[in-house]
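Fold and contact review
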Amino acid sequence: MLFRSYSFNVDLTQPLAPSVSLAQASDTGMGGDSRTNQTAVQLAVTGMESGRFSASYKLDTGSWTDVSTIGGALTSGTLSFSGLAEGTHTLQMRQIDAAGNEGATSSYSFVVDTTAPTLLSPTGSDNLQTFWNARLDADGQTLRVKFSEALDASHLKIGRAHV
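Residues numbered from 1 in each chain as written. Predicted model: local features only at pLDDT ≥ 70, side-chain atom pairs only at ≥ 80, totals over all residues. Heavy atoms only, no water.

**Some remarks on the pairing of strand 8 (residues 106–112)**
The condition is simple: Remark: exposure states derive from per-residue accessible area (1.4 Å probe, protein chains only) relative to the maximum for the residue type, with buried under 20%, exposed over 50%, and partly exposed in between. Secondary structure elements are taken from DSSP: a helix is a run of H or I of four residues or more, a strand is a run of E of two residues or more, and numbering for both begins at the N terminus. At least two DSSP bridges between two strands are required for those strands to pair.
Of the two faces of strand 8, only the one carrying Ser106, Tyr108, Phe110 and Val112 is buried; Ser107, Ser109 and Val111 on the other face are not. With two bridges joining them, strand 2 (residues 35–36) and strand 8 adopt parallel strand pairing. Residue pairing in the sheet places threonine 36 in a bridge with valine 112 of strand 8. Summarising the sheet, strand 7 (residues 87–96) and strand 8 pair through seven bridges and their orientation is antiparallel. Each residue of the ladder has a partner; that of methionine 93, found in strand 8, is serine 106.

Below, the structure is given as structure tokens:
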């Protein structure tokens, strides 16, 4: 009698949900705030299982799309999107491992904001005196201004005004 031996692995473990974030080149807001002023962005994807069977994503209310830009052996990469409208966008991503186990779906939201902040001025008859905290010298005196939204100080250009 001839006996044959076979070995196999039983894999019932779901892969982890991938992590998604704005790629550094696309993150134009304050670091890690998920804001960009670009309508063409790259999203960084990490946590992909090596040797997985497939991965797919869905942007906003679109349909699930198989990922071909992140190769089967890679555990990280980028997804590129262009023509994004201003506003909040949500990317959902999932992966299926070689055993057919579907992992949890991750969700990442980011904001495309192409509208520059505006300088607010107060109302009333004495706008100039109220608006300008009229101490313009560099010896500890201050000029106070208020914008329509929070600003990242690294994006401000501050110079000396001569009046």
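Resuming the write-up.
**Focus: the nonpolar core**
As a reminder, the rule being used: Among buried residues, those of type Ala, Val, Leu, Ile, Met, Phe, Trp, Tyr and Cys that are joined through side-chain atoms within 4.5 Å constitute a nonpolar core.
Membership of the largest hydrophobic core comes to 18 residues, with the highest contact counts inside it found for Leu43, Leu79, Phe81, Leu91, Met93 and Phe110. Every element with two or more residues in this core is listed here: strand 1 (19–22), strand 3 (41–46), strand 4 (54–59), strand 6 (76–81), strand 7 and strand 8.

**Some points on the sheet that holds strand 5 (residues 65–66)**
Overall, mixed pairing links the five strands, which are arranged 2-8-7-4-5 in an open sheet. Two strands close off the open sheet at either side, each with one partner strand: strand 2 and strand 5.

**Section: the environment of serine 107**
Stated precisely, the cut-off is as follows: A contact between two residues is defined here by any heavy atoms of the two lying within 4.5 Å.
The residue serine 107 is located in strand 8 in this model. With residues up to four places along the chain from it excluded, the contact list for serine 107 reads Thr90, Leu91 and Gln92.

**Regarding the pattern of salt bridges**
Worth spelling out the cut-off: Salt bridge, as applied in this entry: a Lys or Arg side-chain nitrogen positioned within 4 Å of an Asp or Glu carboxyl oxygen.
Scanning all chains against the criterion turns up two salt bridges. Across the pair aspartate 113 and arginine 35 runs a salt bridge whose closest N-O atoms are separated by 3.0 Å. Of this pair, aspartate 113 sits in the loop between strand 8 and strand 9 (119–120) while arginine 35 is found in strand 2, placing the two residues 78 residues apart along the sequence. Here glutamate 102 and arginine 94 are joined by a salt bridge, their closest N and O atoms 3.9 Å apart. Note on glutamate 102: relative accessible area 38%, which makes it partly exposed. Among the residues examined, arginine 94 registers a relative accessible area of 21% and is labelled partly exposed.

**Things to note about the packing of aromatic side chains**
What counts, and what does not: Any two of the Phe, Tyr and Trp rings considered here, Trp counted by its six-membered ring, make a pair once their centres fall within 6.5 Å; the pair's planes then place it as stacked at under 30 degrees, edge-to-face at over 60, or tilted in between. Whether a charge lies above a ring is judged from NZ of Lys or CZ of Arg, which has to be within 6 Å of the ring centre and within 35 degrees of the ring normal.
Across all of its chains, the model carries two aromatic pairs by this definition. On the numbers, 5.4 Å between centres and 85° between planes, the contact of tyrosine 57 with phenylalanine 81 is edge-to-face. Of this pair, tyrosine 57 sits in strand 4 while phenylalanine 81 is found in strand 6, placing the two residues 24 residues apart along the sequence. Each member of the pair, tyrosine 57 together with phenylalanine 81, is buried. Across from the ring centre of tryptophan 64, 3.7 Å away, lies the NZ or CZ of arginine 94, which sits over that ring.

**Observations regarding unusual backbone geometry**
Positive phi is not limited to glycine here, since serine 34 has a value of about 60°. Tracing the backbone through its elements, the reader meets serine 34 in the loop between strand 1 and strand 2. Positioned with a positive phi, aspartate 60 is a non-glycine residue whose angle comes to about 55°. With respect to the helices, strands and loops of the structure, aspartate 60 is situated in the loop between strand 4 and strand 5.

**Regarding the sheet that holds strand 1**
In plain terms, the rule: Inter-axis angles, ranging from 0 to 180 degrees, are taken between N-to-C directions of lines fitted to C-alpha atoms, where helices are fitted over the stretch in contact.
Ordered in space as 1-3-6, the three strands form an open sheet in which the pairing is antiparallel. Since the sheet does not close on itself, it has two edges, and those belong to strand 1 and strand 6, each with one partner. Neighbour-to-neighbour, the strand axes of this sheet turn through a mean angle of 25°, independent of strand direction. One ladder, built from four bridges, connects strand 1 with strand 3; its direction is antiparallel. In the strand pairing of strand 3, valine 20 is matched with valine 45.

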